[in-house]
Amino acid sequence: MDPEILEFDIGLGGGGSSGRDGDDDANIGLDVDEDMADSPAPSSILASNSNGGGFGTGGGEIYLPEGDLLDLEPYEGMEFESEEAAKAFYNSYARRVGFSTRVSSSRRSRRDGAIIQRQFVCAKEGFRNLNEKRTKDREIKRPRTITRVGCKASLSVKVQDSGKWVVSGFVREHNHELVPPDQVHCLRSHRQISGPAKTLIDTLQAAGMGPRRIMSALIKEYGGISKVGFTEVDCRNYMRNNRQRSLEGDIQLLLDYLRQMQAENPNFFFAVQGDEDQALTSNVFWADPKSRMNYTYFGDTVTFDTTYRSNRYRLPFAPFTGVNHHGQPVLFGCAFLINESEASFVWLFKTWLMAMSGRPPVSITTDHDAVIRSAITQVFPETRHRFCKWHIFKKCQEKLSHVFLKHPTFEADFHKCVNLPESIEEFESCWLSLVDRYELRDHEWLQMMYNDRRHWIPVYLRDTFFAEMSITQRSDSMNSYFDGFVNASTNLNQFFKLYEKALESRNEKEVKADYDTMNTSPALKTPSPMEKQASELYTRKLFTRFQEELVGTLTFMASKSDDDDDVITYQVAKFGEDHKSYYVKFNVLEMKAACSCQMFEFSGLLCRHVLAVFRVTNVLTLPSHYILKRWTKNARSSVILEERSSDVYTNYLESHTVRYNTLRHETFKLVDEGSKSLDTCNVAIDALQQAAKRVALATKNEGRATLVNGRIRGTLHVMLVGQIPLITKCPVNHYLRMTWTRRSENLQMSWTMRVENVKFTGRICFLF
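All residue numbers here refer to positions counted from 1 along the written sequence of the relevant chain. Whole-chain, interface and lining totals are the exception, using all residues; otherwise, since this is a predicted model, local features are given only for residues with pLDDT of at least 70 and side-chain atom pairs are given and counted only at 80 or more. Computation of side-chain values: all heavy atoms of the structure, hydrogens and water removed.

- Going by the annotation in an unreviewed UniProt entry, the name recorded for the chain is Protein FAR1-RELATED SEQUENCE, with Gossypium hirsutum given as the source organism.
- UniProt positions are given in the numbering used here, feature names are shortened, and annotations may be inferred rather than shown by experiment. The chain has a UniProt comment under Sequence similarities (unreviewed entry) that states "Belongs to the FHY3/FAR1 family."

**Quick notes on the pattern of salt bridges**
At step 1: Salt bridges are defined by distance alone: a side-chain nitrogen of Lys or Arg within 4 Å of a carboxyl oxygen of Asp or Glu. Taken as a whole and assessed by the stated rule, the structure comprises 22 salt bridges.
At step 2: Of the charged contacts in the structure, one is a salt bridge between Arg636 and Glu510, with a shortest N-O distance of 2.7 Å. Within this pair, whereas Arg636 is found in the loop between α18 (608-616) and α19 (648-674), its partner Glu510 is found in helix α14 (residues 492-519), the two being separated by 126 residues in sequence.
At step 3: What makes Glu510 buried here is its relative accessible area of 7%.
At step 4: The residue Lys676 makes a salt bridge to Glu673 at a minimum N-O spacing of 3.3 Å. Elements are defined by DSSP. Helices are runs of H or I of four residues or more, strands are runs of E of two residues or more, and each kind is numbered from the N terminus. Note on exposure labels: buried denotes an accessible area under 20% of the residue type's maximum, exposed denotes more than 50%, and partly exposed covers the range between, all computed with a 1.4 Å probe on protein chains only.

**Observations concerning the UniProt feature "domain: SWIM-type" (unreviewed entry) in the chain**
At step 1: UniProt tags residues 582-618 as "domain: SWIM-type" (unreviewed entry).
At step 2: Across residues 582-618, helical content stands at 38% and strand content at 27%; the span's end C-alpha atoms are separated by 20 Å.

**So, helix α12 (residues 424-437)**
At step 1: Taking 1.5 Å per residue as the helical rise, α12 with its 14 residues ought to reach 20 Å, and the 20 Å between its terminal C-alpha atoms agrees with that figure.
At step 2: Of the surrounding elements, those touching the buried residues of α12 are α11 (410-419) and α13 (444-451). Here the expected length of a helix is defined as 1.5 Å per residue gap, with one fewer gap than residues. Any two residues having at least one pair of non-hydrogen atoms within 4.5 Å are treated as being in contact.

**Some thoughts on the nonpolar core**
At step 1: Grouped together as the largest cluster of nonpolar side chains are 39 residues, with contacts concentrated most on Tyr538, Phe546, Phe586, Phe614 and Leu622.
At step 2: With 5 residues, α18 is the single largest residue contributor to this core.
At step 3: Aside from chain neighbours lying at most four places away, what touches Phe546 is Met530, Ala534, Tyr538, Leu605, Leu611 and Leu622.
At step 4: Grouping buried Ala, Val, Leu, Ile, Met, Phe, Trp, Tyr and Cys residues that are joined through side-chain atoms within 4.5 Å yields what is termed a nonpolar core. By size, the runner-up hydrophobic cluster in this structure holds 32 residues, among which are Met293, Trp347, Leu348 and Phe349.

**Let's talk about the packing of aromatic side chains**
At step 1: Planes of paired rings set the category: under 30 degrees apart is stacked, over 60 is edge-to-face and the rest tilted, where pairs are Phe, Tyr or Trp rings (Trp by its six-membered ring) whose centres lie within 6.5 Å. This structure, assessed with the given rule, holds 38 aromatic pairs.
At step 2: With 5.9 Å between their ring centres and 65 degrees between their planes, Tyr90 and Phe99 make a pair best called edge-to-face. Neither Tyr90 nor Phe99 differs from the other in exposure class; each is buried.
At step 3: Here Phe304 and Phe349 contribute two aromatic rings whose centre-to-centre distance is 5.2 Å and whose plane-to-plane angle is 80 degrees, an arrangement assigned as edge-to-face. Taken together, the positions of Phe304 in strand β8 (residues 301-304) and Phe349 in helix α7 (residues 342-355) put the pair 45 residues apart, joining distant regions of the chain. For the pair Phe304 and Phe349, a shared accessibility class is recorded, and that class is buried.

See the structure below:
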């Protein structure tokens with residue numbers, strides 16, 4: 001036989017299992033299989049046959065074997081140019097026959113330690129030691145299937161003095177069934193991602209496609225899964241390794257960027273979990289000065305947005321966001337997540353809390369994740385934790401896809417059951433009816449979500465502030481601060497520019513909303529003093545939402561259903577819909593009302609039901625405790641009066657109503673008691689007449705002050721309270737002494753002060 005050169009393009013490694021089965025774009029973990037655990041063979045290996053002079057290694061063109069060489073079987077005395085050539089040849093033979101191979105044992109020279117003998121075996125050789133990975137304290141969580149059955153098939157080679165390797169032993173027989181040709185590509189030692197396939201995977205991965213879709217494209221490209229030469233598991237692991245290599249470089253860029261930002265501004269905060277030298281495998285958190293300042297004003301409710309590390313984006317990036325006084329998303333800091341263990345989330349939340357001056361939020365919204373929930377319980381024990389309802393709806397489409405297909409009405413019924421109930425009892429009844437109607441009482445995922453209902457069903461969450469204008473609005477999902485900037489194909493190398501563009505865009509939108517609020521006046525729809533008051537206090541968007549509630553009272557009737565001295569209960573219902581009533585408890589003396597719908601507790605705006613009660617009780621303006629500063633035009637102001645922390649103008653607007661209701665309440669009590677007999681009636685009349693004289697005298701003397709050259713002079717002491725940690729390390733706690741002169745009944749005065757070159761402005765209204 002003439003000498004010929006054989007080329008073996010065979011990989012002996014690769015393969016692995018995905019980190020999350022069925023999740024096309026989830027994080028990918030490597031499998032440790034027992035087949036061919038050594039490194040892959042070179043892509044081009046030369047072999048020789050001693051029968052007939054052997055295969056040469058001359059400099060001629062490398063070409064594939066033809067004719068009888070395709071059916072060549074190992075035999076004792078067969079020679080190879082190298083150990084790698086022997087390994088590749090045996091693996092090629094194994095592919096043709098239908099089994100997988102691996103390296104079993106070797107023998108080294110006592111003289112120089114070089115390998116002089118090697119044995120290649122069937123992957124099913126030997127038996128697994130079932131106790132090899134067990135200890136007394138630990139059990140394997142996911143035991144691998146048993147693949148070794150004691151097969152004796154093998155090929156042994158040893159090196160000769162000439163440097164060539166010769167077959168010293170060959171066992172052909174197997175004690176198990178061999179794999180048919182259409183399944184050989186599943187065997188570990190025959191799974192290799194070729195160069196062209198890697199190029200295609202790289203291209204599709206950069207475009208944002210996941211392993212499942214990429215494999216579909218490869219199967220179509222190569223004309224079948226068996227011709228692809230590897231499995232989806234291999235594709236997942238290859239993509240994971242790609243991403244890991246990319247992240248290592250990206251994280252270094254991230255750290256360089258953060259160090260530069262901190263050098264430019266000392267108030268820029270960033271931290272790396274563990275040692276900074278190990279940052280390539282650690283989590284990173286950062287918050288710029290504006291984010292930290294935002295939290296001082298709007299940190300009552302927070303969203304931890306892990307959308308970007310999920311199926312849609314695959315970027316391990318998670319921002320902390322909130323809602324500003326215009327209802328716009330606002331940033332509280334960002335995290336870059338490599339390690340997503342519970343300990344990592346605990347570190348992240350503690351670090352974020354430290355950057356935010358140690359003040360935990362009232363509420364926090366996250367994705368439905370057991371690890372995140374456990375970390376929040378440890379770091380924010382008093383904070384109300386909510387799961388993102390929108391994400392749960394999205395997961396429902398996946399978990400109950402068969403129900404969606406079989407029952408087109410299920411989705412609408414599910415949404416109604418979650419969003420519409422006004423009471424816990426109504427929800428429980430609705431849920432039971434839903435699972436019975438669609439025969440889902442035993443569905444595992446749905447039962448798990450029901451067990452967690454207090455963390456995502458709106459009716460259980462209405463007693464906590466989440467800064468949302470509606471119980472059912474879609475913004476219950478993540479605020480998506482970076483949507484429109486970060487997408488499926490974004491990598492960290494691109495991220496920095498997009499991150500800064502997002503900050504600039506969001507800031508510009510807030511500036512525009514501030515401008516519209518300060519320089520335009522909304523159209524009023526009623527003659528109500530309350531509407532005018534709200535238009536002067538609230539931002540434009542919040543006023544519009546309040547206006548909807550106020551106008552909505554025109555179709556509601558409020559009737560007294562119970563009177564418990566200071567607290568009166570009103571039944572409020574839309575005209576003609578008495579069957580759907582709301583109940584408002586109103587304390588006249590304290591001017592406090594609580595509605596069964598709990599809209600104020602949830603959103604910070606009064607509902608139409610309370611406003612309807614205010615209308616029938618002649619409460620003409622909003623009491624100050626129902627005007628949350630975070631929704632007002634001056635939400636970012638830190639200036640308050642020393643004696644009262646609420647706005648003076650608001651106090652004035654409500655003062656007449658408070659006095660009126662208080663007098664009326666006391667007078668009604670006097671009338672009730674005085675009318676019981678003639679004697680008590682005479683006493684009451686005498687008391688009223690004496691009171692009328694004293695009121696007239698007080699009215700005559702009211703407002704007198706010392707005149708100086710025809711003008712009234714006085715001094716007001718105003719105190720600034722609070723802390724501005726990003727501007728000065730010292731708390732702001734200073735008095736401003738302002739001298740005023742009054743010519744008219746009311747006086748409005750603007751003031752300006754500076755703290756370390758940061759200007760603060762405000763307006764104070766003096767009333768006489």
